[in-house]
Amino acid sequence: MMHAQSPSGKQWQGKLLQPFLHFHDAIEHTPVRRAQVRALALIGALGMPLYYALWQYLFPQEYESPLLRSVAALLFLPALWPGRFSNTWFSVYLLLGLTFELPFFFTYMFLMNHASALWVHSLLVALIMLFHFDTRIAVLAYLSGTVLACLAFAVAGDPAFLLSSDVLQQLPVHWFTIAVLSVVKVGRHVGAQEKLAGLAAGLGSVAHELRTPLVSVEANVRGLQRGLQGAQGQPSDADSLDALARIRFEVRHMHHMIDLFLLSASAVNRKLEANETVAMHDSVTSVLRRYPFTSTAQRDIVKVDVRADFSFSGQSELCVVILLNLLRNALKGIQRAGKGRVRIIIDGARPVPRLLFIDTGCGIAASRLPLIFDRFYSYPAHNGSGIGLALCRQIMQAWHARISCVAREGAYAIFVLEFPQPQASTRHSRFPSIHRAR
């Protein structure tokens, strides 16, 4: 008899998978991170046979294993093509690869060489490398790899050596190194959050300051309109009235834009984790109602196609932030191109519910596409603060969902938002690639 997984079980599983999903998304969307992973994989694949030759022939050590080094070199090779992995397989590969390559291999060799000075240093370097990854991933790999290496040594070597001073005296050094690296990473994260919070606060202050003159402009325009209409029934100046009506429209537009800016600014500082069930069609309707379209013609180029509505775990206000950012970017692209339309497709009938956000404006160049989710990146350079799409991805990741994009310059841009099924507790990380989604 099968039992449904408890909400606490789902939450625990989501927290366990989240660092793997974040790392995989960073590789997909960040060329620098992808290049780093490939460089490390190449160094590892070539370094294993090279150092076998060094420690076996040039500087002979007590113990060497061509089998272990061959397995380690082969495990490095898949990381040369990280984009070929789905989220599920990448999570499995990353955990197994890091566990075997760093804590298991180096701890086992350290023990088999009876804590020689060379392997003391090698193991410490391996731990430093390991804890440059997400701390949760690194701790999981460190604990499992170290325990497995000790068990393997107990079977193949001298179990009593595990409790010798040569081994035990290394533990405080390792734990101190791990603690320092973890604190440094937390400091970097806090610094990035402070920068975002400062940017959000500045944006909010500017938006608030704009309201006072806008209210004054609107009040004066209303007075001029009443004056032109004439208290004595005189014929009004039609051109002047049209101009004033346009000014009032622009003022209302600015008020709406300020609301949008304040909403995005507040999202930077709030908790992003899902805490409610959100209906996608309701969110899309809310965005279209709240967006400050410049004209009826601009509103008419946005079409919604509801193939099947769906609900997901998230936050309704943050979903509005995501959709507002996508809509604003799409309309800006259409304005730059001087042509195009926006089509929003709600497709909840698929195994992985998704929303497609399609515009046929200026598109995105292939060289720019990998950079669009990078924080503080904007193109053209003056086109915004560069936090919109980065914030969208951060929110989606907090919901165990995924946002990706395919585009062609001068033709189209398609943003695909994929959400886990609310009732499927075991499918948090199972997303098809964007190429298969098309």
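These notes cover the structure that comes with them.

The rules behind these values
- Residues numbered from 1 in each chain as written.
- Predicted model: local features only at pLDDT ≥ 70, side-chain atom pairs only at ≥ 80, totals over all residues.
- Heavy atoms only, no water.
- Pairing = 2+ DSSP bridges.
- Helix = DSSP H or I, 4+ residues; strand = E, 2+ residues; numbered from the N terminus.
- Axes fitted to C-alpha atoms, helices over the stretch in contact; angles between N-to-C directions.
- Contact = heavy atoms within 4.5 Å.
- Buried < 20%, exposed > 50% of the residue type's maximum accessible area, 1.4 Å probe, protein only.
- Expected span 1.5 Å × (residues − 1).
- Arc of directions from axis to C-beta.
- Parallel < 35°, antiparallel > 145°, perpendicular 65-115°, else oblique.
- Left-handed = near helix turned anticlockwise from the far one by under 90°.
- Nonpolar A, V, L, I, M, F, W, Y, C, P; charged D, E, K, R; others polar.
- Core = buried A, V, L, I, M, F, W, Y, C linked by side-chain atoms within 4.5 Å.
- Patch = residues over 30% accessible without salt bridge, like charges linked within 9 Å, V, L, I, M, F, W, Y side chains within 5 Å.
- Areas by Shrake-Rupley, 256 points an atom, 1.4 Å probe, with all protein chains shown as cover.
- Salt bridge = Lys/Arg side-chain N within 4 Å of Asp/Glu carboxyl O.

## Notes on the sheet that holds strand E2 (residues 302-308)
Point 1. On the basis of which strands lie adjacent, the open sheet formed by five strands has the order E2-E4-E5-E7-E6 and mixed pairing. If you trace the sheet from one side to the other, it starts and ends with E2 and strand E6 (402-408), each paired once. Each strand of the sheet is rotated relative to its neighbour by a mean of 15°, with strand direction disregarded.
Point 2. As judged from the seven bridges shared by E6 and strand E7 (residues 412-418), these two strands associate in the antiparallel manner. Looking at the pairing, Val406 lines up with Ile414 of E7.
Point 3. With respect to the sheet, helix H13 (residues 388-398) is in contact with E6 and E7, its orientation differing from that of E6 by roughly 140°.

## Quick look at the pairing of E7
Point 1. Most of E7 is tucked away: six of the seven residues are buried.
Point 2. In this sheet, E7 lies alongside strand E5 (residues 354-359) in antiparallel orientation, the contact comprising six bridges. Across the sheet, Leu356 pairs through a bridge with Val416, a residue of E7.
Point 3. Here E6 folds back onto E7, and the loop between the two strands holds three residues, one of which, Gly410, carries a positive phi near 80°.

## Focus on the pairing of strand E3 (residues 311-314)
Point 1. Residue alternation in E3 divides its side chains into a buried set, Phe312 and Gly314, and an unburied set, Ser311 and Ser313.
Point 2. Bridge count between strand E1 (residues 276-279) and E3: four bridges; the pairing is antiparallel. Opposite Thr277, over in E3, you have Ser313 as the bridge partner.

## Describing helix H5 (residues 117-130)
Point 1. Its 14 residues place the ends of H5 20 Å apart at the C-alpha level, agreeing with the 20 Å of an ideal helix rising 1.5 Å per residue.
Point 2. Buried within H5 are the following residues: Trp119, Val120, Ser122, Leu123, Ala126, Leu127 and Leu130. The buried residues of H5 occupy one face: seen down the axis, they fall within an arc of 165°. Exposed residues on H5 whose side chains face more than 90 degrees from its buried face are Ala117 and His121.

## Digging into the side chain of Ser182
Point 1. Its location among the elements puts Ser182 in helix H8 (residues 170-229).
Point 2. For Ser182, a relative accessible area of 17% puts it in the buried group.
Point 3. Ignoring any residue separated from it by four or fewer positions in sequence, one finds Ser182 in contact with Phe131 and Thr135.

## Re the packing of helix H10 (residues 280-290) against helix H12 (residues 316-337)
The relative placement of two packed helices comes down to the angle between their axes together with the axis-to-axis distance.
Point 1. Running from N to C, H10 and H12 point in directions that differ by 55°, and their axes come no closer than 9 Å. Classified by the interaxial angle, the pair formed by H10 and H12 is oblique. Here the hand of the crossing between H10 and H12 comes out right-handed. Along its contact with H10, which presents Met280, Ser283, Val284, Ser286, Val287, Leu288 and Arg290, the element H12 presents Glu317, Cys319, Val320, Leu323, Leu324 and Leu327.
Point 2. Each residue belonging to the contact of H10 with H12 can be placed in one class, and the counts come to nine nonpolar, two polar and two charged.

## Some details on the nonpolar core
Point 1. Counting residues in each nonpolar core, the largest one holds 47 residues, and the members touching the most others are Met280, Leu327, Phe357, Trp399 and Phe415.
Point 2. For this core, the secondary-structure elements that each account for two or more residues are H10, H12, strand E4 (342-347), E5, H13, E6 and E7.
Point 3. No other element matches H12, which puts twelve residues into this core.
Point 4. Those residues within four positions of Trp399 in sequence are excluded, and the remaining contacts are Leu272, Glu273, Ala274, Phe312, Ser313, Gly314, Gln315, Leu318, Cys319, Ile322, Phe419 and Pro420.

## Observations regarding unusual backbone geometry
Point 1. Here the phi dihedral of His114 falls at roughly 50°; this positive angle occurs in a residue that is not glycine.
Point 2. Within the secondary structure, His114 is located in the loop between helix H4 (87-112) and H5.
Point 3. Despite not being glycine, Ala115 shows a phi value in the positive range, around 55°.
Point 4. For Ala115, the position within the fold is in the loop between H4 and H5.
Point 5. In this structure Ala115 comes out as buried when scored by relative accessible area, which is 15%.

## Observations regarding the environment of Asp158
Point 1. Here Asp158 shows up in the loop between helix H6 (135-156) and helix H7 (165-168).
Point 2. Put simply, Asp158 and His114 are 44 residues apart on the chain and 9.5 Å apart in space, counted from C-alpha to C-alpha.

## With respect to a nonpolar patch on the surface
Point 1. On the surface, a cluster of nonpolar side chains totalling about 370 Å² of accessible area is made up of Leu40, Ile43, Val125 and Met129.
Point 2. Considering the arrangement of structural elements, one finds Leu40 in helix H2 (residues 31-58).
Point 3. On the basis of relative accessible area, Leu40 is assigned to the partly exposed category, the value being 41%.

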